[in-house]
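For reference, the chains in residue letters:
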Amino acid sequence: MSTRFYVATRKGLFTITKQPAGWRISDAAFLAQNVPMLLHDARDRALYAALHHGHFGSKLHKSTNGGKSWEEIGVPTYPEPPKDQEPDKCPFRGIPIPWRTELIWELEKGGRDEPGVLWCGTVPGGLFRSEDGGKSWDIIKSLWYNPRRKEWTGGGLDYAGIHTVCVDPRNSKHVAVGVSCGGVWVTKDGGETWACQAKGMRAAYMPPEQAYEENAQDPHRMVRCPAQPDVMWVQHHNGIFRSTDGSKTWQEIENVQPSVFGFACVVHPTNGDVAWFVPAVKDEERIPVNAKVVVTRTRDGGKTFEQLSKGLPQEHAYDLVFRHAMDIDETGRVLAFGSTTGSLWVSEDDGDSWQTVAEHLPPVYCVRFEKPS
Amino acid sequence: MARVSFTQNIQRHVACPETRAPGNTVREVLEHVFRENAPARGYVLDEHGEVRRHMIVFVDGVAIKDRRDLSDPVGPESHVYIMQALSGG
């Protein structure tokens, strides 16, 4: 069971450690700085933190001693846009798409057979890969220059972004990425070629005739069951979707109470039928239903859901849980999630009950357990 | 040689001591500065060498006009001052 996790927030990176008295904040780094993303790499126990300086751009830092000290490493950078063609423009808003790293939105490790390989998803939609533990990064040209990439649109942000990278544990060259808004893109050859695989996803916000357009889907977060890699879950803008064939097709899960809208989702490490979500009132409101924080859990592949609320605030709670702000440990028993209003909860009984770890943190962007390799 | 100094706000992230550098344009001066202080480059310029959206470069108290190519002239006694654009209320 994991006894430590990390929390990236609008104003710093916090380490949470299980102590005799309970889960406690045991360390803080980058205080007052915006940390939109973090990664704990179980292969070599390195810790990565993305910083988003409002004035000075995005940076990446790495620690090889559990966060005691940090060094700045390379940062993904975009190539020069072609001079002989019109600038890319958002198809919805008509605004030019910058070829610049606007935000580091996802960090993920490569496969077990790829030491040093890291993936990085960014806004405005570039996917990057490092083969040297983050010293240097290369944009995945086959995706960035794919003409269909220009169809992507921003969701809540001005530009599209890659927020999820799922590496297949059976084959490190098989990688699926989630794009808001651009569906799910999959490579089977380590990034040489890509295909959009969002068949079955539905976007009610689009004109009706385009509701099933794969490249227009807005998956908020996508997870893959480590022991059953063909089982994947997506918390989508429009609801919850599940695939049992490795993202080739998706089935919509409807009638989940209190809501199918949300951002975060996690899947059990060995049982793909078990997944957790944090619901909210849909897009135009984005607050907990009836101001009560609940986690929904399915144990049967989405046929039924339970609402888990023991230990969570049940009145006047306005916590929203962002897409990266929930995680599960390697046992599937310990979960943690944090909210936009700085609350942080942990469960040691797979969600049946929750303990409050903190109530006054900065807005939480990302929660990641320290897991064994 | 022009005198080049930086806002205090940048110092918490990367050391940028005041320095002197030769050059007839902002680009020439800053290229010299960043050859000596490579970590500072990405804090002031983006990946294409343009001034970051929320940064400002002053030459003798006047904000430069060419934020892309940095062609604004710099005199031998000029003061190049680099700061963040303030925003918000």
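Note that the structure is a prediction, hence the values are computed from the model and not measured.

How each quantity is defined
- Residues numbered from 1 in each chain as written.
- Chains lettered and ligands numbered in written order.
- Predicted model: local features only at pLDDT ≥ 70, side-chain atom pairs only at ≥ 80, totals over all residues.
- Heavy atoms only, no water.
- Helix = DSSP H or I, 4+ residues; strand = E, 2+ residues; numbered from the N terminus.
- Buried < 20%, exposed > 50% of the residue type's maximum accessible area, 1.4 Å probe, protein only.
- Contact = heavy atoms within 4.5 Å.
- Areas by Shrake-Rupley, 256 points an atom, 1.4 Å probe, with all protein chains shown as cover.
- Lys, Arg positive; Asp, Glu negative; His and termini not counted.
- Charge placed at Lys NZ, Arg CZ, Asp CG, Glu CD.
- Rg over C-alpha atoms; globule rule 2.2 N^0.38 Å.
- Pairing = 2+ DSSP bridges.
- Axes fitted to C-alpha atoms, helices over the stretch in contact; angles between N-to-C directions.
- Buried area = accessible area lost by both parts, 1.4 Å probe.
- Salt bridge = Lys/Arg side-chain N within 4 Å of Asp/Glu carboxyl O.
- Polar contact = N/O pair within 3.5 Å; in protein donor to acceptor, adjacent residues only side chain to side chain.

(A) Structural view of the overall build of chain B. Regarding its fold elements, chain B presents two helices and five strands. When the elements of chain B are put in sequence order from the N terminus, they spell out β-β-α-α-β-β-β. On the principal axes, the C-alpha backbone points of chain B span a range of 35 × 25 × 25 Å. Burial statistics for chain B: of 89 residues in total, 45% are counted as buried. Within chain B, contacts between residues at least 6 apart in sequence are counted, and of these 48% link residues at least 24 apart. Taken as a whole, chain B presents about 4,700 Å² of accessible surface, with 51% of it coming from carbon and sulfur. Taking the 11 positively charged and 12 negatively charged side chains of chain B as two groups, their mean positions are separated by 5 Å.

(B) Up close: the overall build of chain A. Helix and strand content of chain A: one helix and 28 strands. By the compact-globule yardstick of 21 Å for 373 residues, chain A fits well, its C-alpha radius of gyration being 19 Å. Along the first, second and third principal axes, the C-alpha atoms of chain A reach 60 × 50 × 40 Å. The proportion of buried residues among the 373 residues of chain A is 59%. The long-range fraction of contacts in chain A, counting pairs at least 24 apart against all pairs at least 6 apart in sequence, stands at 50%. Of the roughly 14,700 Å² of accessible surface on chain A, a fraction of 48% belongs to carbon and sulfur atoms. Taken as two groups, the 42 positive and 47 negative side-chain charges of chain A have centres that lie 2 Å from each other.

(C) Region of interest: the sheet that holds strand 20 (residues 262-267) of chain A. All names here are of chain A. Reading across from one edge, 20-21-22-23 is the order of the four strands in this open sheet, with antiparallel pairing throughout. Pairing within the sheet leaves two strands with one partner each, and these edge strands are strand 20 and strand 23 (306-308). Each neighbouring strand pair of the sheet contributes to a mean axis angle of 25°, computed without reference to strand direction. The sheet contact formed by strand 21 (residues 275-279) and strand 22 (residues 295-298) spans three bridges and is antiparallel. The partner of tryptophan 276 across the bridge, within strand 22, is arginine 297.

(D) Spatial organisation of the interface of chain B and chain A. Tallying the contact residues gives 15 residues for chain B and 20 residues for chain A. Here chain B packs against chain A, burying approximately 1,400 Å² in sum over the two surfaces, 47% of which is carbon and sulfur. There are two salt bridges connecting chain B and chain A. With its nearest N and O atoms 2.8 Å apart, the salt bridge here joins Arg53(B) to Glu102(A).

(E) Structural view of the sheet that holds strand 3 (residues 55-59) of chain B. Residue and element names in this part refer to chain B. Overall, mixed pairing links the five strands, which are arranged 2-1-5-3-4 in an open sheet. The open sheet is flanked by strand 2 (19-21) and strand 4 (62-63), the only strands paired with a single partner. The sheet contact formed by strand 3 and strand 5 (residues 79-84) spans five bridges and is antiparallel. Looking at the pairing, isoleucine 56 lines up with methionine 83 of strand 5. Helix 1 (residues 26-36) contacts strand 1 (2-6), strand 2, strand 3 and strand 5 of the sheet and is inclined by roughly 125° relative to strand 2.

(F) Molecular detail of the side chain of Asn215(A). Residues and elements named next belong to chain A. Relative to the elements of secondary structure, asparagine 215 occurs in the loop between strand 15 (195-196) and strand 16 (219-224). On the basis of relative accessibility, which here comes to 2%, the residue asparagine 215 falls in the buried class. Looking at asparagine 215, its side chain comes within polar contact range of the side chain of glutamate 151, at 2.9 Å. A polar contact is formed between the side chain of asparagine 215 and the side chain of tryptophan 185, at a distance of 3.1 Å.

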